[in-house]
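The chain contents come next:
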Amino acid sequence: MAPKSDSAEAIVLNFVNEQNRPLNAQNVADALQKFNLKKAAIQKALDNLADGKRISFKEYGKQKIYLARQDQFEIPNNEELNQMKEQNANLQKGLDDQKKNVSEVEAEIKSLQSNLTLEQICEREVNLRMEVQEMENRLTKLRGGVTLVRPEERKAVEDMFSEKISQWRKRKRMFKDLWDTLTENSPKDPKEFKEELGIEYDEDVGVSLQSYSDLLQHGKKRPRGQ
């Protein structure tokens, strides 16, 4: 007597036949969780189906392996197998063609999405025109000799820069006097001693006091307002 279609045995039998591969009770329980069947119920259904010879099973020690009965399936002959292979090849080719078409459509969609809409183009044009107008206004001021930095602000910056240069020159001179005193009677080579202490000169780090001093003098010679 066949099990009811909604019974545990019917669900398990249908699954085992569909899979048509070796399964244990845990495999079946994991796959049929959506039916809210407990493993004990599935194990019982498998054993009942095996006892009723609705499915096959083999024991490997304590492990039971279940398999759909093979005599229920029609085995195709060579001609049918060749037809199936040909159909499969045609289906695969159709699938490849569809994937190619999908890729082309996706590429076209991506290209269209990257283009600006008319509204975005108009908005961008307005922004660009505003930027151009702003730059033209600034250029007009520069051509007219308008002072963009107030004299007091410029003087404050120059004074601060001059103070930093003076401090730099003073500290450089203090270090030279101290270094000359230390190395005058030292048996060590000054260059090796310098490397041993990890001392770096301005030139070692790519800066020059003279270049900054020249910059300060050049700034003082420039006419105000330019």
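What this report covers is the structure whose coordinates are included nearby. What you are looking at is a predicted structure, and each value in this text was computed from that prediction instead of being measured.

**Focus: the pairing of strand β2 (residues 63–68)**
- One ladder, built from six bridges, connects strand β1 (residues 55–60) with β2; its direction is antiparallel. The residue bridging S56 from the neighbouring strand is L67, located in β2.
- Once β1 ends, the chain turns through two residues before running back antiparallel as β2, passing G61 with a positive phi of about 70°.

**Concerning the side chain of N24**
- Within the fold, N24 resides in the loop between α1 (8–19) and α2 (25–31).
- In this structure the side chain of N24 is engaged in a polar contact, spanning 3.1 Å, whose partner is the backbone nitrogen of Q26.
- When near neighbours in sequence (up to four residues on either side) are disregarded, N24 contacts Q63, K64, I65 and Y66.

**Quick look at the packing of α1 against helix α3 (residues 39–51)**
- Taken N-terminus to C-terminus, the directions of α1 and α3 make an angle of 75°; their axes are 9 Å apart at the nearest point. With respect to their mutual orientation, α1 and α3 come out roughly perpendicular. Here A8, E9, V12, L13 and V16 of α1 come into contact with α3, specifically with I42, A45, L46, N48 and L49.
- Taken together, the residues of the contact of α1 with α3 break down into eight nonpolar, one polar and one charged.

Conventions adopted
Note that residues are indexed from 1 along each chain, following the sequence as it is written. With pLDDT at 70 or above as the cut-off, local features in this predicted model cover only qualifying residues; side-chain atom pairs require 80 or more to be listed or tallied, and sums for whole chains, interfaces and linings still use all residues. Neither water nor hydrogens contribute to the side-chain values; these are computed over all heavy atoms in the structure. Strands qualify as paired when DSSP identifies two bridges or more between them. Put simply, DSSP H or I for four residues or longer makes a helix, DSSP E for two residues or longer makes a strand, and each gets a number counted from the N terminus. Residues adjacent in sequence count toward polar contacts only when both atoms are side-chain atoms; beyond that, a polar contact is any pair of N or O atoms within 3.5 Å, and within protein one must be able to donate a hydrogen and the other to accept it. In this description, contact between two residues means that some pair of their heavy atoms is separated by no more than 4.5 Å. To define axes, lines are fitted to C-alpha atoms, for helices over the stretch in contact only, and angles between the resulting N-to-C directions are given on a 0 to 180 degree scale. Roughly parallel covers angles under 35 degrees, roughly antiparallel covers those over 145, roughly perpendicular covers 65 to 115, and oblique covers all other angles. Three classes are used: nonpolar for Ala, Val, Leu, Ile, Met, Phe, Trp, Tyr, Cys and Pro, charged for Asp, Glu, Lys and Arg, and polar for all others, with Gly counted as polar.

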